[in-house]
Structures are given as structure tokens and as C-alpha cells.
Amino acid sequence: MLEILLDATVRAGTPILFATLGAIINERAGIINLGIEGLMLIGALAGFSGTYLSGSLLIGVLAAFCATFIAGSIHALITVQLRGNQIVSGLALTMFGVGVTALFGKGMVGLTIVGFKRVAIPGLSQLPIVGKAFFNQDVLIYFSFLLVFLIWFFFYRTRWGLGVRSVGENPAAADTCGFSVSKYRFFAVTVGSGFVGIGGAYLSLASTPMWIENMSAGRGWIAVALVIFAGWSSPRAMLGAYLFGGITAMQLRFQAMGTTISAHILQMLPYFFTILVLVISTQRLQKGASQQPEGLGLPYDREDRK
Amino acid sequence: MVLSFHHSLCESIYIDCHMTDILNFENIRKTFPGVIALDDVSFSVARGEIHTLLGENGAGKSTLMNVLTGLYHPDRGQIRIAGEQIHFTSPRDSLACGIGMVHQHFMLVPAHSVFENILLALDNIPNFYSRKTYKQKIQKLIDEFDLDLDLDTPVWRLSIGAQQWIELIKLLMRDCQLLVLDEPTAVLTPQEADRLFNVLRKLKQQEKSIIFISHKMREVMEISDRVTILKKGRSIATRTRGDFDESTLASLMIGRDKVPQWQKTLQMSDEIVLDIQNLSVRNDRGMSDLDDFNLQLKKGEILGIAGVAGNGQKALAEVLTGLKNTNQGRILARQKDITNSNARYSYIAGIAHIPEDRKSIGIAPDMSVDENLIMKSFKSGSFRNWIFQNKKAIRQNAEEKIEQFAIKSGPDGTPVRYLSGGNIQKVIIARELSEHPAVLVALYPTRGLDIGSAGYVHKVIADGADRGMSTILIAEDLDELLKLSDRIAVMFRGKLIGYVNPRKTTREEIGLMMSGETPGDKA
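Reading guide: rules and limits
- Residues numbered from 1 in each chain as written.
- Chains lettered and ligands numbered in written order.
- Predicted model: local features only at pLDDT ≥ 70, side-chain atom pairs only at ≥ 80, totals over all residues.
- Heavy atoms only, no water.
- Helix = DSSP H or I, 4+ residues; strand = E, 2+ residues; numbered from the N terminus.
- Rg over C-alpha atoms; globule rule 2.2 N^0.38 Å.
- Buried < 20%, exposed > 50% of the residue type's maximum accessible area, 1.4 Å probe, protein only.
- Contact = heavy atoms within 4.5 Å.
- Areas by Shrake-Rupley, 256 points an atom, 1.4 Å probe, with all protein chains shown as cover.
- Lys, Arg positive; Asp, Glu negative; His and termini not counted.
- Charge placed at Lys NZ, Arg CZ, Asp CG, Glu CD.
- Salt bridge = Lys/Arg side-chain N within 4 Å of Asp/Glu carboxyl O.

1. Quick look at the overall build of chain A
When you go through chain A residue by residue, the secondary structure sums to 12 helices and 2 strands. The linear arrangement of helices and strands in chain A, starting from the amino end, is α-α-α-α-β-α-β-α-α-α-α-α-α-α. For chain A, the C-alpha radius of gyration of 19 Å lies close to 19 Å, the compact-globule estimate for 306 residues. With the principal axes as the frame, chain A shows a C-alpha extent of 65 × 45 × 40 Å. By residue count, 54% of the 306 residues in chain A fall in the buried class. A sequence separation of at least 24 residues applies to 77% of the contacts in chain A between residues at least 6 apart. For chain A, the exposed area adds up to about 13,000 Å²; of that, 72% sits on carbon and sulfur atoms. Separation of charge centres in chain A, based on 20 positive and 12 negative side chains, amounts to 5 Å.

Spelled out as C-alpha cells, the structure:
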């Protein structure tokens, strides 16, 4: 029972994990991206179409990354180069994503592909309880484990990562040290958006190997909230994503067991917890345990008189 | 063009024929929307020279240095580095020429560790760097200057003085040939400033050039080889050591501006109007801004508060004027507890410095002078007819105040943001004093003002004392405190260290107290 629940937790948490990691990269460079929901949909459709047309799952994932990389560069252009309002641009990106995928996804509705298969890692998958849940999964899940570590390593052990973090904290300081604020921000927004796209692709290539309109169903918004819960750190994003995955898995389990609680109430649970998490983490923010990048949401203009 | 180049060459030859110029500025002009920040500035810096830029606030010193470091593009004029004409498109280009600057507002990332902040400034380090190697390299330099810096501490935990050393280390690690220091002593005790000057002299011996920006005459006299005076965006004179003294520099800097005269009479009574007991205030980061702080203010007294910036002065002003709440302790006004009561607002008035960006000041920048002047009293009967504004009374009030405080307000209805810093300060003073408060809290009231306006602020405070108003004057310039105060209280890390008598004390004594030594320790 616990094994099955844990397995469902990881599978439900992975798309949210990718999206949260992508959003963390964005926000670490100081750019708020509220387009995560739209980017996930674009990634889901691009991933499904890529795989359907080519027959290769790898090409599907790459297509998802590239499509959201391009969509993210719109946000980057507006917020970094043109110093536009990040909130408005992000919301527009979500609306754009919902609309454009509904339009181009019409032809893909009802088609099927062969999705990602489970690959057991010899040895590790035999571990009690956690073995099946973490080491008898598909390749994308293993990639998400690796990505959590890679992002941490990038931020804390490389000069580029230091640059990205500094640009998000105090762009003027990074600028006077010779870092190009716009280059680093542009890079963070586009690459971060690309990872969000892979999260979308996970939905249409692994969770349910098909394209359904608006299939992200608010997971992008959960990711936006999770970034704050995770305190902008990738290992804690993993914890948060699985927490939400667990709630989703549990409510599905309850429904399957046929409780008398209305299905609508159960389906509400993840979103209810999102609100709860935001309340708790904002209170923590006010108490001063803030990890929030100081330059978050602020456009940088070198000649703005300080 | 050729002529002007020769002209500046001749100038430097005249000073010392062996000196070679590392930097030449020629006819630099820089405008911002509606403001001419630099009109026509020319000056040069020789190798191994400490060259001081002297000028009032707003004379263009910082703007000029931002042009040098590539943050601003000049509209006109030329920059030559070692004789070669240069166009900077970003700070990167300027760094590549060996120019480094310690900005007045530090360019540090507060959330990052000391190590990461210094690492950020280094170029030519590989993307996958070895933490151990670079930690050792940086530690070596820290040891060389005998500094007490832990590489893993986040910068926000450090004192402002320590943060300044990090900025300096950043430049030294890069091996900069021309160092710019923008008002570095504003955040140091006199003793720390002496230590900084020793480091600067050492760097000078290594043939490095230093541009030193200050408006404290004493320091300028002590350290400069040459002084260039800026006034209203123009370079008006350059003087060599031996060719200047305090009074010539001051007269060049101020020119014909009139400084209001005032006379302070000593008429302090022993009645205590404000008694602060065991006050503690914690900031957003959970650290104590004020820690068991005690202070007594007498009627008609100007009580100066001395201390290095960041030792709780701002929190004190914010608590007294009601912007912040206390965690512990009491504030008594004539034995009445007003700690968290609204009585604070009418009993205590506050003024603070006017920041350059006009963003966080005690006025509504987009509203007119008339409206800003009644902000404290708009509810009172005289300015309203039932629920409507009484425009006529508001206008009349404004005319009176503009006349009384000599505010240059421009045409009626001009948003306050377009006024000069000095005039904005006058609007705030006029408003705050309109209700005749018993206590005035002045937080760096003259920072950013030209000398004429600063003199006016002093006059208002002194006149207020004559009428029996008590003032808590928080300032960073010891000379200002010594001149104006009846008593000086010294703060360190949110605690009161002690009181001194400005007529009897020495700068050294205050300096020691500013670094936390209680007067008794000396013996």
C-alpha cells in the first residue's frame, strides 16, 4: 500500500518538480515568471507532437525544451531588454500558452503514442519501500533527480551560477563587477522556461501518453507557489513537489476506494494546500527567514539614478 | 581639440614634469532629463597621486565617477587613459583598463558570503573554480592588511565599516591601477579612517593612483596631493599641495552662496521632556537594532547622537516618530507613557535627509507644496468645510509658510519632486514645525544639502531650541554635532555608550566611544 502510494507520489510530483526548478532559475536571476502554466501547456503539446510525428520520445522532449525556450524568450525580451512589467508579461504568456495550444492541439486530440516505459535500476530498485517508488521509474524521473543536483551545483559551485544569483540579488553589484546583467537574465529566463517545458512534456509523454486540452490543470500555478515554499533552493523544491504529488496521489486513492467525500472536494485538495503553503511561507518571509532574491521583480536600468 | 589636449598636458607638466598622467578628463558633459549633472569638467590624475574631488553634494562628483567606471555614458567630452582615448560602453571596459571604484552605496550582495562577493569581482577565473585555491588567495590578502574578516559570513551580518574593506579588497584582488573612493570615511570612526589613510598611502607608494571624494575638509587637507573643486557640474579649479588651505578650498567650493547666520543661546533647563528606558527593537532579519537603549532629553536641548552609520540611529528615529514599534522598553514624555500610543505623533515631529532619488522621503512627491504642507493637519477645522477641502485656507497657509521659510517653490501646483533637495527639506520642516512639537527628531537632516540649505536647517534647529523645543540631532559629521549640540550621546550596536560635553571632549574620545569603548575603559 505505502509502496504504491509513494510510487504515485513521485509520478504526480515530477511535472511539478520540473516546473518549479525552471521557475527557480528564472527567479534566481530576478525575473518573476507567471507564465509557467502556459509554458507547461506549450511543452506538453510540443512534446506530444514531436513524439507523434517522429516516433521518438527523445525528439519529443527536445521539441518541448526548444518550444518553451522560444516562448520564454518572448518573456525575456519584454522583461529584460525592454524592462517591461514582469507580472503583466507573465500573465500574458500563460494566456498565450492556453490559447495557442488549444488552437494547434485540435489535430492531436484523440491520437495515441507509446509513452515512457519504466526502467528498473538493478540493485537500488530492490530496496524496501523506496526502491520501487524512486528506482523503478522512467528516464525522465531519473533526469529530474540529476537536474536537482545539477542546478544546485551550477548555482553554488560555478562562476556562471554565481553570476546568475548576483544578478538576481543586486544587479548593480554584478554590473560593476563586469557581468552583463541582461545576458545573464536572458539566459536564465530562456533556459528556465525550457525546463518548465520538459515538465509539461512529462504530462503528455509519461503521465498520460496523449494530448488533452488544458492538461496542466493549474500545476504551473502550484509551481509558482512552490518556489516560495522551497525558498528558491532546488533540493527543497524536490521536497515540495513530492508533497504536492503525495496529496494528489492520496486524493486519487481515496476516490478509487470509493469514499463518501465528494470527488470535487478531493480534487480541490492540492489547490487548497497551495493556499495554505503560501500563507505559511509568507509568514516565514515576514519573520525574516527570507531567501528571496532582493532584486526579484525589479527591472535593471544602469542609468537610473540611485 | 589639439589645443585643449596640450593645455591639460601643460598643466600637469607645470605641476611636476616627471609625473605621467594615467587619466585625463576633457570637457565632460552629462545630462539627465531636466538636469545638467555635469556641465564641463576637465581634470587629470597622475600616476602615484592621491587626487581629491571636492564639492558640495549635487556638484557632480558621483556622476563624474560613474562616467569613469562606465555606468553612465557622457553626452560629450573625452576620456584618456594613459594618453589613449577611450570609449566605455559598460563597467566591464572600465575594469579592463584597471579602474576600480568603491561606491558610496556599496556594490555588494548582502545575502552572499564575503567569499562569494570577492569572487564575483575577479576576472580570469575558470567557470569550474577551485574554492580552496581562491579562498587561500583571498585570505592571504586579508591577512596582509590585518583585517578581521571571516570568508563564510554573509555580508549583511557585517558592520558597514567591514563592508567597505570588502569593497577595497575586491579592487586590490583585481590589481586596479586607478582606485576611486567615494566618501569612504562617512561610515568609519576617526580611528578607522586613519587606518584607511595608511592603506591609501601604501598603495600610493606602489605607484597606484587614487581619486578620493570627500567634503570633509580635515581629511582633504591630510591626504591630498592635488585637489580639484567641482561646483554645479563644472571643474572650477585644481590646486597642488602647499597651494591650498582650508579657507581657500572652502571659499572656492561654496563661492558666493550665502550661509544663514545664527546664534545659539544656552538655556537648557533640567526638566526631562523625553525619557527612553530599556528600549529594544528588532529588525526584519531578527537582529537587534536597538538593544536595551536609554536616553534622556532635556527641555530646550539639542542632543547630538554620534555613531557610525548602522548602529541603530535609524531605528531610534523610526521608533520615536512612530514608523516602527518597540519590542521592549518604554518611552516617557513628561512621565507619561507614550510608547505605543498615538500621542507620539503630536508630541514628536521628525525630519530626515532627502535622498537623491526622492523615493523615500517624508512627502508625497507628486503632490503640490500646498497639499504637502497640510498633510499633518488636514483634518483640523481650518482646512476643511465639512468633508470638502477649504482651498482658500490651504493656499493661504502655503503662502505664509513659503514666505516664512523662504521656500523656492516654483509655479503654484508644481509637484514637490521637482524642487531641489534643500527646498524639499524646507517644506518638510515647515510642515513638521507647524504643530509646535515638543521634540524634533532630525535624522541626517543636512545630508545631501548644499551648504546654504544646511545652514538654514541648523538655524531652524537652533531657533527652535530658543523657543524651548528639544531636538535629537542624528548626524554623521562630527564637526556638525560639535558645533550644534548641547550634549552628545554616543551609540554603538544599538546601545548608549555615554554622554560627552561637546565643549570639553576630543574627537579621539568620541571616536573611541563610537567603536564601543565606554569612557571608563580608558583608565
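Let's pick the thread back up.
2. As for the pattern of salt bridges
By the definition in use, this model includes 28 salt bridges over all chains. Note that E116 of chain B is salt-bridged to R165 of chain A, the shortest N-O span being 2.4 Å. Placement of E116 of chain B in helix 4 (residues 114–121) and of R165 of chain A in helix 7 (residues 159–169) is noted, with the two residues assigned to different chains. Comparing E116 of chain B with R165 of chain A shows no difference in burial state: the two are buried. With its nearest N and O atoms 3.4 Å apart, the salt bridge here joins E399 of chain B to R395 of chain B. Taken together, the residues E399 of chain B and R395 of chain B, both in helix 13 (residues 391–405) and 4 residues apart, mark about one turn of the helix. It is possible to trace a salt-bridge network through shared partners that takes in D289, K314, E318 and K324 of chain B.

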